[in-house]
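Survey of secondary and tertiary structure
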Amino acid sequence: MIHENEMITRRQYISVCFLALLSPLIRQLPQLAPLIAGSAGWLAGLAALPVLILFELMMTRLTKKRAEGEGMADIFLRVFGKPVGSAVLLLYALWMVAYAGFVLVGGAERLLTTAYPRGGRNLFILIMGALGVMASLGRVRTLARMANILRPLLLATLLLVIFAAFPYSRLGTLFPVTVQDIPPVFNAGVRTANVLLLVVAFRFLEDRVETSKTGKRTLPFLRLFLLLAVLSTLLLAAILANFGAAYTLRHTYPFFAMAGNIRLLGSLERLEVPILALWAFTDFVLLAALLLSAATIFRRVLHSESRLIALFCALGATIAALVCSLTNLDLSLLAETIFPLSGAICIFGLYPLTFLVGLIRKKI
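My aim in this report is to walk through the structure given alongside it, one point at a time.

Criteria and thresholds
Residues numbered from 1 in each chain as written. Predicted model: local features only at pLDDT ≥ 70, side-chain atom pairs only at ≥ 80, totals over all residues. Heavy atoms only, no water. Core = buried A, V, L, I, M, F, W, Y, C linked by side-chain atoms within 4.5 Å. Buried < 20%, exposed > 50% of the residue type's maximum accessible area, 1.4 Å probe, protein only. Helix = DSSP H or I, 4+ residues; strand = E, 2+ residues; numbered from the N terminus. Contact = heavy atoms within 4.5 Å. 1 Å grid on protein atoms, 1.4 Å probe; cavity = no way out; pocket = protein on both sides within 12 Å on 5 of 7 lines; lining within 4 Å. Points joined across faces, edges and corners; volume = space filled by probe spheres on them. Nonpolar A, V, L, I, M, F, W, Y, C, P; charged D, E, K, R; others polar. Expected span 1.5 Å × (residues − 1). Axes fitted to C-alpha atoms, helices over the stretch in contact; angles between N-to-C directions. Parallel < 35°, antiparallel > 145°, perpendicular 65-115°, else oblique. Left-handed = near helix turned anticlockwise from the far one by under 90°.

Within the largest apolar cluster, 137 residues are counted, with the highest numbers of intra-cluster contacts made by Tyr92, Phe202, Phe204, Phe255 and Tyr351. Among the elements that take part in this core, helix α11 (residues 272-302) stands out by supplying 18 residues, more than any other. If we skip the residues at most four places from it in the chain, Phe204 touches Met72, Ala73, Phe76, Leu89, Tyr92, Met96, Ser293, Thr296, Ile297 and Tyr351.

Our next topic: the layout of surface pockets. Here the second largest pocket is characterised by a volume of approximately 530 Å³. Contributions of two or more residues to the lining of the second largest pocket are made by α2 (29-37), α5 (82-114), α8 (182-196) and α13 (331-360). At 5 residues, α13 tops the list of elements feeding residues into the lining of the second largest pocket. Residues that form the lining of the second largest pocket fall into these classes: 9 nonpolar, 6 polar and 5 charged.

Looking now at α13. A rise of 1.5 Å per residue sets the reference length of α13, with its 30 residues, at 44 Å; its end C-alpha atoms lie 41 Å apart and thus fit the reference within 8%. Looking at the residues trailing α13, positive phi occurs at Lys362, about 55°.

Here we come to empty space enclosed by the protein. Scanning the model with the defined rule gives 3 cavities of 30 Å³ or more in all. Looking at the largest cavity, its volume works out to about 150 Å³. Lining the largest cavity are 13 residues, and of these Gln28, Tyr99, Asn194, Phe339 and Pro340 sit closest to its centre. Of all the secondary-structure elements, those providing two or more residues to the lining of the largest cavity are α5, α8 and α13.

Here we take up the packing of helix α4 (residues 72-80) against α13. Here α4 crosses α13 at 55°, and the two axes come no closer than 9 Å. With respect to α13, the element α4 is oriented oblique. When you trace α4 past α13, the crossing you get is left-handed. When α4 is examined against α13, the residues Phe76, Val79 and Phe80 are found in contact with a partner set consisting of Leu350, Tyr351, Leu353, Thr354, Val357 and Gly358. Within the contact of α4 with α13, the residues separate by chemical class into 7 nonpolar, 2 polar and no charged.

So, about the packing of helix α3 (residues 44-62) against α13. In the contact formed by α3 and α13, the axes pass within 10 Å of each other and the chain directions differ by 40°. With respect to α13, the axis of α3 lies oblique. When you trace α3 past α13, the crossing you get is left-handed. Of the residues in α13, those in contact with Val51, Phe55, Met58, Met59, Arg61 and Leu62 of α3 are Ile347, Phe348, Tyr351, Pro352, Thr354, Phe355 and Leu359.

Turning our attention to unusual backbone geometry. Excluding glycine, residues mostly have negative phi values, and the peptide bonds linking residues are mostly trans. The linkage connecting Phe175 with the following residue, Pro176, adopts the cis geometry, with an omega of -5°. Along the polypeptide, Pro176 turns up in the loop between α7 (140-165) and α8. For His303, which is not glycine, the phi dihedral falls at a positive 55°.

Here's what the structure looks like:
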């Protein structure tokens with residue numbers, strides 16, 4: 001049973017999920033959507049919305065019989081049985097730790113590229129890894145409260161950049177959208193949904209959400225997905241209208257490149273500082289949420305509440321990041337192939353399978 005001091009409100013939980021998803025939304029979608037759908041890629045967020053809604057309806061049915069104090073790990077164990085369920089959960093937790101390592105090395109690479117070209121990647125990895133250790137050993141409640149406080153500020157910063165970019169844009173590059181664009185836009189929508197549905201990994205933290213606030217579990221996530229779809233559409237429209245599809249793909253970080261060209265009220269003051277703060281904090285929340293989710297799984301499977309489990313998760317992510325850095329493993333391979341493919345297997349394979357097995361065995 002989770003201690004009362006670890007319980008968080010539904011609003012705080014949604015804030016953690018939202019800020020964690022801002023990181024891949026800013027980092028991945030600006031290159032993913034135009035690569036698949038060209039200038040029509042700005043519609044990828046809206047195309048993803050039906051997939052997100054259907055998936056959330058499935059998740060609501062999957063967790064319908066969740067008892068008080070039960071988490072997603074308990075549902076997996078109930079559906080598959082203890083041996084198979086434990087094996088599946090352990091593999092999923094290891095994937096979360098590996099993805100956390102990718103977040104570390106990706107964040108370090110981004111800092112080197114955009115702000116500190118003379119810095120050392122391993123140094124940044126160790127610094128961010130230390131922050132990950134602090135987050136994993138800390139209370140979920142602390143992270144949730146901080147995310148809830150900073151959520152409107154970071155949302156306002158993102159919207160400021162987006163709307164400040166439109167005066168520099170050429171909206172005509174976004175049109176026309178023809179019938180021939182429908183298949184690639186749909187494809188981009190599914191890939192966008194794959195990115196945003198990373199949020200299901202954080203469902204393992206739901207056993208910490210106050211039961212008095214969970215009467216309507218579907219509506220908060222549907223609102224979250226609607227907000228993310230709108231933000232994705234506005235962000236992609238601003239970037240593609242500024243650079244065009246072909247030139248967008250030449251940028252390693254199109255969002256940062258767009259923000260660097262913005263001047264407010266005719267001033268030469270640029271927006272790099274708040275943008276770097278936006279990226280750094282969303283990466284931190286994503287890292288913390290992944291590590292805390294993985295630690296929750298390990299504790300449930302191993303029947304242990306030891307804080308060392310969270311420490312080992314953070315150290316594992318840091319070691320994975322250092323291995324990627326020292327071996328010069330291609331980050332584009334990780335970002336564009338390995339983690340999207342493995343994530344799709346978890347999201348569109350594991351969860352529907354769990355849903356079907358649960359229905360057949362009448363466990364959900």
